[in-house]
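Here is how the chains run, residue by residue.
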Amino acid sequence: MNRKRNFNAGPAALPLPALERARDELLDFAGSGMSVMEHSHRGKEYEAVHDEAIALLRQLLAIPASHEVLFVQGGASQLFAQVPMNLVQKGRSAEYVVNGAWGEKALAEGKAAAAMLGGAVRVACTTGTGEGKEKSYLRVPLPSEVKASPGAAFLHVTSNETIHGLQFEVDPARPFPDAGGVPMVADMSSDLLWRKLDVSRFGLVYAGAQKNIGPSGVVVVIASKELVAEGRKDIPKIFQLRTAAENKSLYNTPPTFGIYLVRNVLAWLKGLGGLDAIEARNRRKAARLYGAIDRFPSCYRCPVERESRSVMNVVFRLPAEQDEERFVAEARKLGMVGLKGHRSVGGIRVSTYNAVEPEWVEELAGFMEEFARRG
C-alpha cells in the first residue's frame, strides 16, 4: 500500500506500527477470541489495556502522584465548558489568555458556564489585533503581559494554536505565564507529548487525542487531585471530574477502542526513545520547513513572530491565493495531503505532529524549494 504523506491538522497521522498492531490484534485480542472492541470495559482483558495506557502516560510525562490521569469524552470542546463548570466558584473569576481561535472558543464557553454558575470571567491577556475577518494572531504573549488576579479560580492558556501556528515555550523568550499561585489550566490538545513537560506547574491539562495521542473520541485529562476534590458538586455527576477520578475513568462505558489505540501510540513513543527523542525529531522537522520558507522570501512568508513559531503547525502564505491553490494541488498529486490552511485564515498549514515521519517533511521541503525556483 502506498500511504499518503499525511499533514492533516486533526484527526492526524497515526504511527504505522500502532496501526499495524491494531490490525494484527483486531479479531483476536490477546488470545481471547474476541476483538478488544467486544470486551466489557469492566473485564480483565480491557482493564489491562486501560491500566497500561495510564501507566505509559505517567511514565512518559513523569506525572507526579499529586495528579490524576483521566480519560473522558466530548473532545476538548466539551472541556472548554466542563473545566469552568467544575472550577468556577461564586466571587472568583475564571481568567483566560487568548492568543488564537481555540483560546477564543474556550473563553466563550467559560463565559457561558460562569453566567450559569454565578462566576466571573476576565481576559488576562490577548495578542489579537484587528476586528472581524481582519483579526489576526501573530504571537504568544510575553511573560510581562499576563497578570492573573489574586484568588482567581484558574488561569487558562492554549499551549499551541493550530490555526494560527503559535506555540508557547518553543523559544525561551516565550514561556508559559507565571500564574502567581493561581491554578494554571492548559488546553494542550495539539502539543501534549511533543516533549517533556513539568506537569506540577499546572493545575489541569487537557488534550483531545487526535493530534499526538491517538484517534478522535478520547480526551486525556491530567489534573491536580486537590483541584478535582475542590470542584463543584452541584453540576450533573457525569460532568464532575471527581466522578471520572473516583471511578478510574470507568463510571460509564469509555471509548475502549480509542483508549486501546492510545495505548498503542504511547508504546510506540516509548519504544522510539521517549520524549527527549521525539522532541529532537520534531524540532528537526520544523527547522527544515521554516528553513525552506525563510530561504525563499519572494515565494513564502510565515506571518508568525519567530519566537512564537509552532513546532506542531507550520503556517505560511504565498503571494496570491491562486499560487496557494496550485501549491496544494501539485503537492496532492505527489501524495501529500492536508496542506490547505484553515478556512478562517487561508494559506498553507503543515501539521508535523509526532507521527509525521521526517522523510515526509524532507519530501515536502524539497517540493517547496522546487516550487519556489519555478516561480
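The structure this text deals with has already been given above.
The notes below deal with the structure included here.

Relative to the helices and strands, Glu-52 is located in helix α2 (residues 44-61). Distance from Glu-52 to Cys-302, taken between C-alpha atoms, is 41 Å for residues 250 residues apart in sequence. A distance of 2.9 Å separates the side chain of Glu-52 from the side chain of Arg-263, its partner in a polar contact.

An α-helix turns once every 3.6 residues. As a result, residues three or four positions apart point the same way. Over its 17 residues, helix α7 (residues 256-272) runs 24 Å from end to end, which matches the ideal 24 Å to within 8%, given 1.5 Å per residue. Extensive coverage of α7 is indicated by the burial of twelve of its 17 residues. Listed as buried for α7 are Thr-256, Gly-258, Ile-259, Tyr-260, Leu-261, Val-262, Arg-263, Asn-264, Val-265, Leu-266, Trp-268 and Leu-269. Residues of α7 that are buried sit in contact with α1 (16-25), α2, β2 (67-72) and α8 (274-295).

Turning to the sheet that holds strand β3 (residues 93-98), a few remarks are in order. Spatially, β2-β12-β11-β10-β7-β3-β4 is the arrangement adopted by the seven strands of the open sheet, whose pairing is mixed. Edge positions in the sheet fall to β2 and β4 (120-126), since each has one partner strand and no second. Within the sheet, the average angular offset between the axes of one strand and its neighbour, ignoring direction, is 20°. Bridge count between strand β10 (residues 184-187) and strand β11 (residues 204-208): three bridges; the pairing is parallel. The residue of β11 that forms the bridge with Ala-186 is Val-205.

Overall, the coordinates contain 29 salt bridges when judged by the stated rule. For the salt bridge of Glu-305 with Arg-174, the shortest nitrogen-to-oxygen distance reads 3.5 Å. In this pair, Glu-305 sits in the loop between α8 and β13 (313-316) while Arg-174 sits in the loop between β9 (166-167) and β10, placing the two residues 131 residues apart along the sequence. Judged by its relative accessible area of 33%, Glu-305 is partly exposed. Note that Arg-309 and Asp-294 form a salt bridge whose closest N and O atoms lie 3.1 Å from each other. One end of the pair, Arg-309, is in the loop between α8 and β13; the other, Asp-294, is in helix α8, and 15 residues separate them in sequence.

A few words now on the packing of aromatic side chains. Under the definition given, this model contains 14 aromatic pairs. Look at Phe-29 and Tyr-260: their rings are 5.9 Å apart centre to centre, the planes differ by 90°, and that puts the pair in the edge-to-face class. With a gap of 231 residues between them, Phe-29 in the loop between α1 and α2 and Tyr-260 in helix α7 connect regions that are remote in the sequence. The buried category is assigned to Tyr-260, whose relative accessible area is 1%.

Attention now goes to the nonpolar core. By size, the foremost hydrophobic cluster in this structure holds 119 residues, and its most contacted members are Leu-192, Tyr-300 and Phe-327. In contact with Phe-327, not counting residues within four places along its chain, are Tyr-300, Phe-316, Leu-318, Leu-339, Ile-348, Leu-364, Phe-367, Met-368 and Phe-371. If you look at the next biggest cluster of nonpolar residues, it comprises five residues, including Ala-81, Met-85, Ala-113 and Leu-117.

The next thing to look at is the pairing of β10. The alternating pattern of β10 places Met-184 and Ala-186 on one face and Val-185 and Asp-187 on the opposite face, and all of these are buried. Sheet topology places strand β7 (residues 154-158) next to β10; four bridges connect them, and they run parallel. Across the sheet, residue Leu-155 finds its bridge partner in β10, namely Met-184.

Where α2 contacts α7, the two axes come as close as 9 Å, and the packing angle between them is 40°. Judged by the inter-axis angle, α2 sits oblique to α7. As α2 runs across α7, the sense of the crossing is left-handed. Residues Tyr-46, Val-49, His-50, Glu-52, Ala-53, Leu-56, Leu-57, Gln-59 and Leu-60 of α2 form the contact with α7, whose participating residues are Thr-256, Ile-259, Tyr-260, Arg-263, Leu-266, Ala-267, Leu-269 and Lys-270. Of the residues assigned to the contact of α2 with α7, the class counts are eleven nonpolar, three polar and three charged.

This part takes up a nonpolar patch on the surface. Judged by side-chain polarity, Leu-26, Leu-27 and Met-37 come together as a nonpolar surface patch covering roughly 320 Å² of accessible area. Position of Met-37 relative to the elements: it lies in the loop between α1 and α2. The exposure class assigned to Met-37 is partly exposed, which follows from its relative accessible area of 47%.

Residue Gly-10 is joined to Pro-11 through a cis peptide bond whose omega torsion reads -5°. Of note in this structure, Lys-248 is not a glycine but carries a positive phi near 50°. With respect to the helices and strands, the residue Lys-248 is situated in the loop between α6 (241-246) and α7.

The next subject is the side chain of His-342. Here His-342 lies in the loop between β14 (336-337) and β15 (348-351). Owing to a relative accessible area of 18%, His-342 belongs among the buried residues under this scheme. In terms of polar contacts, His-342 uses its side chain to reach the side chain of Ser-344, at 2.8 Å. Ignoring sequence-local partners within four residues, the contact set of His-342 consists of Ile-163 and Arg-349.

About the cut-offs
Residue positions within a chain follow its written sequence, with the count starting from 1. Confidence filtering applies because this is a predicted model: local features only for residues at pLDDT of at least 70, side-chain atom pairs given and counted only at 80 or more, and all residues used for totals across whole chains, interfaces and linings. To get the side-chain values, take all heavy atoms of the structure and skip hydrogens and water. Helix and strand definitions follow DSSP, with helices as H or I runs of at least four residues and strands as E runs of at least two, each counted in order from the N terminus. In protein, a polar contact requires one atom able to donate a hydrogen and another able to accept it; more generally it is a pair of N or O atoms within 3.5 Å, and residues adjacent in sequence count only if both atoms are side-chain atoms. How far a helix is expected to stretch is found by multiplying one less than its residue total by 1.5 Å. Using a 1.4 Å probe on the protein chains alone, a residue whose accessible area is under 20% of its type maximum counts as buried, one over 50% counts as exposed, and one in between counts as partly exposed. Contact between two residues is taken to exist if any of their heavy atoms lie within 4.5 Å; hydrogens are not considered. Strands are treated as partners if at least two bridges between them are detected by DSSP. Fitting a line to C-alpha atoms yields each axis, with helices limited to the stretch in contact; the angle taken between N-to-C directions then spans 0 to 180 degrees. For salt bridges, the criterion is a side-chain nitrogen of Lys or Arg within 4 Å of an Asp or Glu carboxyl oxygen. Classification of ring pairs rests on two measures: the distance between centres of Phe, Tyr or Trp rings, Trp counted by its six-membered ring, which must be within 6.5 Å, and the angle between planes, read as stacked under 30 degrees, edge-to-face over 60 and tilted in between. Nonpolar cores are built from buried Ala, Val, Leu, Ile, Met, Phe, Trp, Tyr and Cys residues. Side-chain atoms within 4.5 Å join them into one set. Roughly parallel here means an angle under 35 degrees, roughly antiparallel means over 145, roughly perpendicular means 65 to 115, and every remaining angle is called oblique. When the near helix sits turned anticlockwise from the far one by under a right angle, the crossing is termed left-handed; a clockwise turn instead gives a right-handed crossing. Residue polarity follows a fixed list, in which Ala, Val, Leu, Ile, Met, Phe, Trp, Tyr, Cys and Pro are nonpolar, Asp, Glu, Lys and Arg are charged, and the others, Gly among them, are polar. Patch members must show over 30% relative accessible area and no salt bridge, and they are joined within 9 Å when carrying like charges or within 5 Å when they are nonpolar side chains of Val, Leu, Ile, Met, Phe, Trp or Tyr. The Shrake-Rupley method, run with a 1.4 Å probe, gives the accessible areas here. Residue values count only the displayed protein chains as cover.

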